[in-house]
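# Summary of structural features
Each chain, written out:
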Amino acid sequence: MIRDWTHKTGCSRSLFILLLFLSAAGRAFADVAQNTPSIFAPSSTPSNEIFHLSLFVLGIVGGIFVVVGGLLAYAVIRFRARNQEDDTEPAQIYGSNQIELAWTVVPVLIVVVLFLTTARMIFAIQDAPKPQSALDVTVVGHQFWWEFRYPKLGIVTANELHVPLSSTSDPKPTFLHLLSADVDHSFWVPQLAGKTDLIPNHPNDMWIDPLHPGVYVGQCAQFCGIEHAKMLLRVYVDTPEQFAAWVKEQQQLGMQDPHVAAGRHVFETEACMNCHTISGTDGRGTFGPDLTHLMSRDTIAAGAAPNTPQNLRVWVKNPDDLKQGSLMPAMQLSDQQLDDLVAYLSTLH
Ligand code: HEC
Ligand SMILES: [Cu+2]
């Protein structure tokens, strides 16, 4: 006889609901596996190592959980109060060298194993030799955005890091030299590597060798001030052709379109150029992001908003509307000045 599931006992119904939940969770997990800050979807050698270590650690602590939880459940059920029992106290036992030794020595051994495996992995990643083919990028953390400099390629950009794809047969790792312009920040793209801090006057180094093309997201993982939450990171892992095209585009001088001369005039006569660089203009400021190839980026203000002319206008009019506490001031520009500026900025490919 076929029974409808609604007629099943409460127990099998909860099992059914549990299975439903697990399959939904599994699907959600598969969805996040691509392009989200998940440490469970590694795509680079350092993150892979961390992932495997985390499984090892989870296995050990999971085993401890099962043993402790199991003993607890056993004691609760086996020694529960029963009606027919008398109220006299059970035998009182004091001290046991065996038990005390066991619960001291075993945890110490477990901690030693966890410590040694972790330390071994940290040193293996840190001491990895740098191949000739490696790309060098200097990362400078600013309140609340990222500066990326490619010293050998003569490129300066912001917030969106482009790196070449790497593979085991043709390794092209990217070595990041981490600096800070102000306070502590932390570079964290979970699918590519662990966190490394950017500390003023204390350069740090890390490396990634992304094994699949695509966009990887991350964020500053060290509270660095009021808009720390909107200090997002995007890493574009490009195929060799894409990367070569991107490099070529970034190496070009800033666009000089005579149709938008009015906007350029605003940029050069307002305070913009004290803080921003646009090659081919007098603007050489470095307090804010380099805008020479602004339109080659998908987002503005460290991922706070998509890079559209509408958002650029909102941003320049009053940065706080998109990112409260950002260090760019609202400049009280007229509507005409704003229109001209946005028309100009939109040509900066
Ligand atoms: C006091 C320095 C300062 C001045 C003046 C200034 N900016 Fe900025 N600007 C910044 C900083 C800092 C950021 C980064 C803000 C963030 O992401 O938190 C920024 C970000 C930007 C961005 C987004 C860039 C990106 O890739 O995310 C644009 C566009 C921009 N400014 C345009 C302008 C224009 C146009 C002017 C003049 C009207 C101007 N700025 C004046 C400091 C300044
Ligand atoms: Cu930060």
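Thresholds, definitions, all that
Residues numbered from 1 in each chain as written. Chains lettered and ligands numbered in written order. Predicted model: local features only at pLDDT ≥ 70, side-chain atom pairs only at ≥ 80, totals over all residues. UniProt positions renumbered as here; feature names shortened; annotations may be inferred. Axes fitted to C-alpha atoms, helices over the stretch in contact; angles between N-to-C directions. Helix = DSSP H or I, 4+ residues; strand = E, 2+ residues; numbered from the N terminus. Parallel < 35°, antiparallel > 145°, perpendicular 65-115°, else oblique. Left-handed = near helix turned anticlockwise from the far one by under 90°. Contact = placed C-beta atoms within 7 Å. Nonpolar A, V, L, I, M, F, W, Y, C, P; charged D, E, K, R; others polar. Buried ≥ 20, exposed ≤ 12 C-beta atoms within 10 Å, placed from the backbone. Arc of directions from axis to C-beta. Near = placed C-beta within 6 Å. Domains from an automatic or database assignment.

Named according to an unreviewed UniProt entry, the protein chain is Cytochrome c oxidase subunit 2 originating from Paracidobacterium acidisoli. Listed under Catalytic activity (unreviewed entry) in UniProt, the entry text for the protein chain is "4 Fe(II)-[cytochrome c] + O2 + 8 H(+)(in) = 4 Fe(III)-[cytochrome c] + 2 H2O + 4 H(+)(out)". Taken from UniProt, the Function (unreviewed entry) comment for the protein chain reads in full: "Subunits I and II form the functional core of the enzyme complex. Electrons originating in cytochrome c are transferred via heme a and Cu(A) to the binuclear center formed by heme a3 and Cu(B)."

Take the packing of helix α7 (residues 309-317) against helix α8 (residues 335-345) next. At a closest axis distance of 10 Å, the pairing of α7 and α8 adopts a crossing angle of 130°. Here α7 is positioned oblique relative to α8, judged by the angle of their axes. Two packed elements cross with a definite hand, and for α7 against α8 that hand is right-handed. Counted together, Pro 309, Leu 312, Arg 313, Val 316 and Lys 317 of α7 and Leu 338, Leu 341, Val 342 and Leu 345 of α8 form the full contact between these two elements. For the contact of α7 with α8, the per-class residue count stands at 7 nonpolar, no polar and 2 charged.

All right, on to helix α5 (residues 261-269) then. Among the residues of α5, Gly 263, Arg 264, Val 266 and Phe 267 are the ones counted as buried. Buried residues in α5, looked at end-on, bunch into an arc of 155°, giving them a common side. The exposed residues of α5 that point more than 90 degrees off its buried face are Ala 261 and Thr 269. Where α5 is buried, its residues meet α6 (272-275) and α8.

With that out of the way, let us pick up the site of ligand 1. Close to ligand 1 lie 32 residues, the nearest being Trp 145, Cys 272, Cys 275, Gly 288 and Met 328. Sorting the residues of the shell around ligand 1 by element identifies α6, α7 and α8 as the ones contributing at least two each. Across the shell around ligand 1, the residue classes tally to 23 nonpolar, 5 polar and 4 charged. Split by domain, the shell around ligand 1 shows at least three residues from each of two domains, domain 1 (28-76 + 100-232) and domain 2 (258-345).

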